[in-house]
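# Descriptive analysis of the structure
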Amino acid sequence: MLESYLELISGGEGEIVEKKSRFIGQIQPVHSEEEAYAFIEQIKKKHYDARHNCFAFSIGDEMPLLRFSDDGEPQGTAGKPILEVIRGSEIHNICIVVTRYFGGTLLGTGGLVRAYSEAAKEALCACETKRLQRIYPVTITTDYTDMGKIQYLISNADVRVADKEFTDAVRFFLEVPVDLCDKLVADITEASGAKATIEIGDELFG
């Protein structure tokens, strides 16, 4: 079972030159096939005069959707190497397009694989990412008397406070890693004398 993965905060671009051929790697976060193909079309229009616009993308959490294309390059020399870069990066919800401007010299199968891989890696170096892990959304509702004790427990736990609400009661909206949830619930229950209400949502990545 997948416990965590990386997701893009922003895209990036990188370029290499191999025997006068330019390989331009371009990356964007995508969350559906439609978004991925829209990005690919955008790059094709931008680089309409290029010989090839090869791509790969990964969409989804568990068992992500994977697609790639060699766009006229010899089979297995472009799209698949780009996809292998994606797999090695642990990044999901990503589309990489590598544009090639032919420089007049054939690179051979090995040369193409290396060039497309390196261009994809160069673009990855320009991206920002964040790690997502399995969490439970947890809502803690307490009175003002126990607020300090519960806030202390939360601040010393490895959890994210998504929001707080102060009305007739105090509510903490938390994102709690799955493996820490049982302990935090037990600690809050003990600290509040079982008066705090604890609601645990469905498991997700966050």
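Everything in this summary refers to the structure shown in the same document.

Rules used throughout
- Residues numbered from 1 in each chain as written.
- Predicted model: local features only at pLDDT ≥ 70, side-chain atom pairs only at ≥ 80, totals over all residues.
- Heavy atoms only, no water.
- Helix = DSSP H or I, 4+ residues; strand = E, 2+ residues; numbered from the N terminus.
- Rg over C-alpha atoms; globule rule 2.2 N^0.38 Å.
- Buried < 20%, exposed > 50% of the residue type's maximum accessible area, 1.4 Å probe, protein only.
- Contact = heavy atoms within 4.5 Å.
- Areas by Shrake-Rupley, 256 points an atom, 1.4 Å probe, with all protein chains shown as cover.
- Lys, Arg positive; Asp, Glu negative; His and termini not counted.
- Charge placed at Lys NZ, Arg CZ, Asp CG, Glu CD.
- Pairing = 2+ DSSP bridges.
- Phe/Tyr/Trp six-rings, centres within 6.5 Å; stacked < 30°, edge-to-face > 60°.

## Structural notes on the overall build of the protein chain
- Tallying secondary structure elements over the protein chain gives five helices and twelve strands in all.
- Radius of gyration (C-alpha) of the protein chain: 23 Å, far over the 17 Å computed for a compact globule of 206 residues.
- Viewed in the frame of its principal axes, the protein chain has a C-alpha envelope of about 75 × 30 × 25 Å.
- Burial statistics for the protein chain: of 206 residues in total, 42% are counted as buried.
- Long-range pairs, those at least 24 residues apart, make up 70% of the contacts in the protein chain with a sequence separation of at least 6.
- Total accessible area computed for the protein chain in this model is approximately 10,900 Å², and 50% of it derives from carbon and sulfur atoms.
- Side chains of the protein chain carry 22 positive and 34 negative charges; the gap between the two charge centres is 8 Å.

## Brief notes about the pairing of strand 10 (residues 170-177)
- Of the strand pairs in this sheet, strand 8 (residues 128-142) and strand 10 are connected by eight bridges, and their pairing is antiparallel. Note on strand 10: the bridge partner recorded for Ile-135 is Pro-177.
- Bridge count between strand 9 (residues 160-166) and strand 10: six bridges; the pairing is antiparallel. Bridged to Lys-164 within strand 10 is Phe-172.
- Between strand 9 and strand 10, which pair antiparallel in sequence order, lie three residues.

## Things to note about the packing of aromatic side chains
- Taken as a whole and assessed by the stated rule, the structure comprises five aromatic pairs.
- Judged by centre distance (5.0 Å) and plane angle (85°), the ring pair of Phe-23 and Tyr-116 falls under edge-to-face. Of this pair, Phe-23 sits in strand 3 (residues 21-29) while Tyr-116 is found in helix 3 (residues 108-125), placing the two residues 93 residues apart along the sequence.
- Taking the relative accessible area as the measure of exposure, Phe-23 reaches 0% and is therefore buried.
- Pairing Tyr-37 with Phe-55 gives two aromatic rings, centres 6.0 Å apart and planes at 85°, and the pair type is edge-to-face. Of this pair, Tyr-37 sits in helix 1 (residues 33-46) while Phe-55 sits in strand 4 (residues 52-59), and the two are 18 residues apart along the sequence.
- By the ring-pair criterion, three or more aromatic residues cluster together here, those being Tyr-37, Phe-55 and Phe-57.

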